[in-house]
Amino acid sequence: MSKIKDLLVGFEDEALVEEVKKELAAGTAPQDILTECQEGMVEIGNLFSAGEMFVSDLMMAAVMFKAVGDEVLPHIQGEGGKTIGKFVLGTVKDDIHDIGKDIVNSMM
């Protein structure tokens, strides 16, 4: 499944989404796909720190990671349980840094 990481690091956005769909259809755990993407994001961050990528690359990677999240999050199922209250969760409008918020929201 390292192909997902490679596609993310290679900025192959359309191929990345197709590979994620293929992995989900094959029964790959959504968490494994997100872990693979996280490893890709770490690699991109390291390349940025080394001066081999630019801020625009980081932004593109974040958009791609969000697209993966849009495919994966509907497949994450909680165990269900008793409702104990409500919570409010948010980010700044139109901020691309809402991936973590989306994951927490789907888990809650």
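Given the structure is predicted, the values throughout are model-derived calculations rather than measurements.

Conventions adopted
Residues numbered from 1 in each chain as written. Predicted model: local features only at pLDDT ≥ 70, side-chain atom pairs only at ≥ 80, totals over all residues. Heavy atoms only, no water. Helix = DSSP H or I, 4+ residues; strand = E, 2+ residues; numbered from the N terminus. Buried < 20%, exposed > 50% of the residue type's maximum accessible area, 1.4 Å probe, protein only. Contact = heavy atoms within 4.5 Å. Core = buried A, V, L, I, M, F, W, Y, C linked by side-chain atoms within 4.5 Å. pLDDT = per-residue confidence, 0-100. Axes fitted to C-alpha atoms, helices over the stretch in contact; angles between N-to-C directions. Left-handed = near helix turned anticlockwise from the far one by under 90°. Nonpolar A, V, L, I, M, F, W, Y, C, P; charged D, E, K, R; others polar. Parallel < 35°, antiparallel > 145°, perpendicular 65-115°, else oblique. Salt bridge = Lys/Arg side-chain N within 4 Å of Asp/Glu carboxyl O.

Caption draft 1: The overall build of the protein, seen in detail. Helices and strands together make up the secondary structure of the protein, namely five helices and zero strands. The buried share of the protein, reckoned over its 108 residues, is 29%. Pairs at least 24 apart in sequence give 69% of the contacts found in the protein among residues at least 6 apart.

Caption draft 2: Local environment of the nonpolar core. If you look at the biggest cluster of nonpolar residues, it comprises 19 residues, and the most contacted ones within it are L16, V20, I33, V68 and V72. Contributing elements (two or more residues each) for this core: α1 (2–9), α2 (13–25), α3 (30–49) and α4 (55–72). Counting residues per element, this core draws most heavily on α4, which supplies five residues.

Caption draft 3: Representation of the environment of E36 within the structure. Secondary-structure assignment places E36 in helix α3. Relative accessible area serves as the criterion here: at 9%, E36 is assigned to the buried category. The sequence separation of E36 and D6 amounts to 30 residues, and the corresponding C-alpha distance is 9.2 Å.

Caption draft 4: Main features of the confidence of the model for the protein. Per-residue confidence for the protein gives a mean pLDDT of 86; residues scoring 70 or more make up 90%. When the elements of the protein are averaged for pLDDT, helix α5 (residues 99–107) gives the smallest value, 68, and α2 the largest, 96.

Caption draft 5: Region of interest: the packing of α1 against α3. Look at α1 against α3: their axes get within 8 Å of each other, and the N-to-C directions meet at 35°. Considering the relative orientation of α1 and α3, their crossing is right-handed. Each of S2, I4, K5, L8 and V9 in α1 lies in contact with α3, whose residues at this interface are I33, E36, C37, E39, G40, M41, E43, I44 and L47. Within the contact of α1 with α3, the residues separate by chemical class into eight nonpolar, two polar and four charged.

Caption draft 6: Molecular detail of the packing of α3 against α4. In the contact formed by α3 and α4, the axes pass within 11 Å of each other and the chain directions differ by 180°. Judged by the inter-axis angle, α3 sits roughly antiparallel to α4. Counting all contacts with α3, which are made through P30, I33, L34, C37, Q38, M41, I44 and F48, the residues of α4 involved are V55, L58, A61, A62, F65, V68 and V72. The class makeup of the residues in the contact of α3 with α4 is 14 nonpolar, one polar and no charged.

Caption draft 7: Structural context of the pattern of salt bridges. Under the defined criterion, the tally for this structure stands at five salt bridges. The salt bridge partner of E19 is K3, with a shortest N-O separation of 3.7 Å. With E19 in helix α2 and K3 in helix α1, the pair connects residues that are 16 residues apart, well separated along the chain. For E19, a relative accessible area of 7% gives the class buried. Taking the relative accessible area as the measure of exposure, K3 reaches 44% and is therefore partly exposed. K22 is the partner of E19 in a salt bridge, and the nearest nitrogen-oxygen pair spans 3.8 Å. Here the residue E19 and the residue K22 both occupy positions in helix α2, the gap between them amounting to three residues, near one helical turn. Look at K22 and you get exposed, because its relative accessible area is 52%. Salt bridges here are not isolated pairs; linked through shared partners, they connect K3, E19 and K22.

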